[in-house]
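Structure at a glance
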Amino acid sequence: MSQREGDRHGGGPEVSGGTLFSQPSCCQDCGCSAGIVRLLRDLATTPCSGLLPRGLLLRRSQGHGAGQALDSAGRAPSSSSRSAPAVLPERREAEVTGEAAGSAACEEECSRNEDSSSREARRRICAGQEEGSRQPPVPHGATCRICLEEGTEEDELLSPCVCRGSAKYVHLGCIEAAFMARAHLLDVICPTCKHHYEGPAAVHIGKLAVKELEENYGENHVYVAAALHNLGISYGLLGDAEQERDLLERALAIQEREHGPDHCDVATTLANLGNAYDRLGDLARQRELLERALKINEREYGADHHAVATTLVNLGSVHGRLGDHTRQRDILERAHRIMEREFGPNSHKVTASLVNLSLAYGALGDMHRQRDLLERALRINEQEYGPDHRAVANTLLNLGNVYGCLGDAERKRDLLLRALRIKQREYGPDHHEVAKALVSLGNAYGDLGMLEEQREFLERALSIQRRHFGPDHRELLSSLTGLSTLYDRLKDIERKKDLLEQSLRIMERSFGPQHYNVGIIIAALAEAHGELGDFDKKRELLEQSLVIIELKFGPDHHNVAVYLTEIAQTYQKLGNLVRRDELLERARRIEDVAPQGVRFFDCWLKLVA
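Residues numbered from 1 in each chain as written. Predicted model: local features only at pLDDT ≥ 70, side-chain atom pairs only at ≥ 80, totals over all residues. Heavy atoms only, no water.

**Focus: the overall build of the protein chain**
Defined as follows: Secondary structure elements follow DSSP: runs of H or I no shorter than four residues count as helices, runs of E no shorter than two count as strands, and numbering proceeds from the N terminus. In this scheme, a residue with accessible area under 20% of its type's maximum is buried, one over 50% is exposed, and one in between is partly exposed, where area comes from a 1.4 Å probe on protein chains only. Every accessible area reported is derived by Shrake-Rupley at a probe size of 1.4 Å, with residue values counting cover from the shown protein chains alone.
Of the regular secondary structure elements, the protein chain holds 24 helices and four strands. For the protein chain, the residues scored as buried account for 62% of the 609 residues in total. Here the protein chain displays about 21800 Å² of accessible surface, and carbon together with sulfur accounts for 47% of that area.

**Some points on the side chain of lysine 496**
Note the cut-off: Polar contact is defined as a pair of N or O atoms within 3.5 Å, subject to the rule that within protein one atom must be able to donate a hydrogen and the other to accept it, and that residues adjacent in sequence are counted only when both atoms are side-chain atoms. Here, residues are in contact when the closest pair of their heavy atoms is within 4.5 Å.
By the secondary structure assignment, lysine 496 is in helix α20 (residues 493-511). One polar contact links lysine 496 to glutamate 531, side chain to side chain, over a distance of 3.5 Å. Excluding its chain neighbours within four sequence positions, the residues that come into contact with lysine 496 are Ser484, Tyr487, Asp488, Ala524, Glu527, Ala528 and Glu531.

**Structural notes on unusual backbone geometry**
Glycine aside, negative phi is the norm for most residues, and most peptide bonds take the trans geometry. If you check the backbone angles, leucine 148 has positive phi at about 65° while not being a glycine. Among the residues examined, leucine 148 registers a relative accessible area of 60% and is labelled exposed. Phi at lysine 194 takes a positive value of approximately 70°, unusual for a residue other than glycine. By secondary structure assignment, the location of lysine 194 is in the loop between α5 (172-182) and α6 (200-217).

**Describing helix α14 (residues 367-385)**
Rule in force here: Take the residue count of a helix, subtract one, and multiply by 1.5 Å to get its expected span.
Helix length check: α14, at 19 residues, gives a terminal C-alpha distance of 26 Å against a target of 27 Å (1.5 Å per residue), a fit within 8%. For α14, the complete set of buried residues consists of Met367, Gln370, Leu373, Leu374, Glu375, Ala377, Leu378, Ile380, Asn381 and Tyr385.

**A word on the pattern of salt bridges**
Inclusion rule: In what follows, salt bridge is the name for a side-chain nitrogen of Lys or Arg lying within 4 Å of a carboxyl oxygen of Asp or Glu.
Scanning all chains against the criterion turns up 37 salt bridges. The salt bridge involving aspartate 488 is made with lysine 496; its shortest N-O contact spans 2.7 Å. You can call aspartate 488 buried: its relative accessible area is 2%. For arginine 586, the salt bridge goes to glutamate 550, with nearest N and O atoms at 2.7 Å. Taken as a pair, arginine 586 in helix α24 (residues 577-593) and glutamate 550 in helix α22 (residues 535-553) lie far apart in primary sequence, 36 residues in all. Looking at arginine 586, the relative accessible area reads 24%, which means it is partly exposed. The class for glutamate 550 is partly exposed, based on a relative accessible area of 24%. A network of salt bridges, in which partner residues are shared, links Asp488, Lys496, Glu527 and Glu531.

**Quick look at the packing of helix α23 (residues 558-573) against α24**
How we decide: To obtain each axis, a line is fitted to C-alpha atoms, and for helices this fit is confined to the stretch in contact; angles are then taken between N-to-C directions over 0 to 180 degrees. Each angle is binned into one of four classes, with values under 35 degrees roughly parallel, values over 145 roughly antiparallel, values of 65 to 115 roughly perpendicular, and all other values oblique. By definition, any crossing whose near helix is turned counterclockwise from its far helix by less than a right angle is left-handed, and any crossing with a clockwise turn is right-handed. Polar here means any residue other than Ala, Val, Leu, Ile, Met, Phe, Trp, Tyr, Cys and Pro, which are nonpolar, and Asp, Glu, Lys and Arg, which are charged; Gly is therefore polar.
Running from N to C, α23 and α24 cross one another at 165°; their axes reach a closest spacing of 8 Å. Here α23 is positioned roughly antiparallel relative to α24, judged by the angle of their axes. The two elements α23 and α24 cross, and the hand of that crossing is left-handed. Within the contact between the two elements, α23 uses His558, Val560, Ala561, Leu564, Thr565, Ile567, Ala568, Tyr571 and Gln572 and α24 uses Leu577, Arg579, Arg580, Leu583, Leu584, Arg586, Ala587, Ile590 and Glu591. Across the contact of α23 with α24, the residue classes tally to eleven nonpolar, three polar and four charged.

**Some details on the packing of aromatic side chains**
In plain terms, the rule: Two aromatic rings from Phe, Tyr or Trp, using only the six-membered ring of Trp, form a pair when their centres are within 6.5 Å; if the ring planes differ by under 30 degrees the pair is stacked, by over 60 it is edge-to-face, and anything between is tilted. Whether a charge sits over a ring comes down to the Lys NZ or Arg CZ being within 6 Å of the ring centre and within 35 degrees of the ring normal.
If you walk through the whole model with that rule in mind, you get three aromatic pairs. An angle of 90° between the planes, with centres 5.4 Å apart, marks the rings of tyrosine 516 and phenylalanine 553 as edge-to-face. Residue tyrosine 516 is located in helix α21 (residues 516-531), and its partner phenylalanine 553 is located in helix α22; the two are separated by 37 residues in the primary sequence. According to the relative accessible area criterion, tyrosine 516 is buried, its value standing at 5%. When the ring centre of tyrosine 361 is taken as reference, the NZ or CZ atom of arginine 369 above it lies at 5.2 Å. Over the ring of tyrosine 403 we find arginine 411; its NZ or CZ atom is 5.3 Å from the centre of that ring.

**With respect to the confidence of the model for the protein chain**
This is how the line gets drawn: pLDDT gives the predictor's per-residue confidence on a scale running from 0 to 100.
A residue-level look at the protein chain finds 75% of positions with pLDDT of 70 or above and a mean pLDDT of 77. Here helix α2 (residues 52-55) stands out as the element of the protein chain with the lowest mean pLDDT, 25, in contrast to helix α12 (residues 325-343), whose mean of 95 is the highest.

**Topic: α23**
Helix length check: α23, at 16 residues, gives a terminal C-alpha distance of 23 Å against a target of 22 Å (1.5 Å per residue), a fit within 8%. For α23, a buried count of 13 out of 16 residues is recorded, marking the element as mostly surrounded by other parts of the structure. Following α23 by one or two positions, glycine 575 has its phi on the positive side, about 85°.

**A look at the state of the cysteines**
Our working rule: Working definition: a disulfide is two cysteine sulfur atoms within 2.5 Å of each other.
Under the counting rule described, the total for this entry stands at zero disulfides. Cysteine 144 forms no disulfide, and the closest cysteine sulfur to it belongs to cysteine 174, at a distance of 3.8 Å.

**A closer look at the environment of serine 234**
Relative to the helices and strands, serine 234 is located in helix α7 (residues 222-237). Of the residues examined, serine 234 reaches a relative accessible area of 3% and is grouped as buried. Along the sequence, serine 234 and isoleucine 205 sit 29 residues apart, while their C-alpha atoms lie 9.9 Å from each other.

**Some details on the packing of α20 against α21**
Put simply, α20 and α21 touch, their axes get as near as 9 Å, and they point 155° apart. By the angle between their directions, the pair α20 and α21 is classed as roughly antiparallel. Every pair of crossing elements has a handedness; the one defined by α20 and α21 is left-handed. Residues Ile493, Lys496, Lys497, Leu500, Glu501, Ser503, Leu504, Met507 and Glu508 of α20 form the contact with α21, whose participating residues are Asn517, Val518, Ile521, Ile522, Ala524, Leu525, Glu527, Ala528, His529 and Glu531.

**Section: the environment of isoleucine 296**
For isoleucine 296, the position within the fold is in helix α10 (residues 283-301). Linking isoleucine 296 and aspartate 265, residues 31 residues apart in sequence, is a C-alpha distance of 9.5 Å. Residues in contact with isoleucine 296, not counting those within four places in the same chain, are Pro261, Asp262, His263, Cys264, Val266, Ala267 and Leu270.

**Comments concerning the environment of aspartate 324**
The residue aspartate 324 is located in the loop between α11 (306-321) and α12 in this model. For the pair aspartate 324 and alanine 360, spaced 36 residues apart in sequence, the C-alpha separation works out to 9.4 Å. A distance of 3.2 Å separates the side chain of aspartate 324 from the backbone nitrogen of arginine 327, its partner in a polar contact.

Given below as structure tokens:
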């Protein structure tokens, strides 16, 4: 199963969660050897977790904790059908109608209310010591939009929301002062751009809200549950899924006790908790929670409400990550119809369903349809956020990878370079979001034959992912499989084998031993053992992979014939000609009756965000 140097692989779209998707497509090759091996090359085309990154999630709380759909930037749109964020009983000492209400009021409120722990928390965030808080450099001369002062070593400027231009930067202390003065402790929306705060600023004010509400209402009040919900979401957007899960579990316990198990706010927390479990690799638990949330939302709002659509987007994506792409597409088509009907076809609120739907079509082999949906999502995001926003970068990543699948490696590279520049500016050079762009861009350089550049980008991405997620997280799969295809091209088969073994351990733990893409990794590992001359191990692994392929496609599918032929060739290497002939005869019978439109050789796999 030698891999030909002339073969090229295209990038599959990025998806949140680090999951593999696969789908056979037509192939012009007839050689079995080229067939199975090329899969690995395609396996590495997409970085994990990302794009949709948080675009498809139920997110922030409304009312007493009820959430709603996030747009593709990871923020929740407002809803005309739900109440505004809860306003607590009047306890304010001063009224601040917006962040720009004046520096004097902010400084006075800050000095009056800030305790030593709050000052230390702000210091840690500004020093980059809080998880996920390291910010890219602030331009010289930038000033705070509230106090109009420059940043200091103890209180640096942050960019916590969608605001741009002269309003882009603000001191964390000024955000805190304005937030506490308004006393709307469940309202984590920037009063200027009307989008939710994100990043370390969201975590900081979320902690303040939890502390204040616990002191005034007790630890088990529904207001505290709403604040815990918001804080959990903020941690999730920073990449800390364990904190997100723990906070949402605590919020859910309070809501179920106070509201009962079938309340709409419970449904919101269930969906967000499911997404936390997704990022922790437990897809079965995520599906269970989302199905429960869907039943509640359909009963509460009716079958065509946007809250139902948001849950459907999440649930459809889970079906895709579990390998059922037809079910994924059907669920997402329903969700998209609801979102368009409620918000209009050009609203940024439909981009999450657009992008997720594009992934379903890509998994089903309709790359042109996928490209068209992503082009539309890109236009909407650029109009809503501007050309250099992180939401635009996520769409660029997906679109670039699709152009790679369509064979346009230069267009892929150009789009991914633009995405990387945005992500590095928004997050800093060592953020896990940057790693996603590095993986895709590295593989784009590989498409163009620039192998040293490919290695540089993939090794850098792997280093970031290991540092952020640990050595055994599924987010590493994109870098590991990308590097394995690179080292195959460089003829370093031992290194390739080591990378595939790491990938297999992670994939089996994340998706289970019978998942289709586990079978693909096993087949690629078998090929590596064959290249190293260990044909007994190659045969053992190919037969193990064949069991998975038969479960996926049935015993009489053309893809099974491909495997049978490869195993037969391996038996020939081992000198067992009788077994070779038995396998070739079975493969021949399958080919005589199998449809020829679908070919296994060029099946493309997308490794998720």
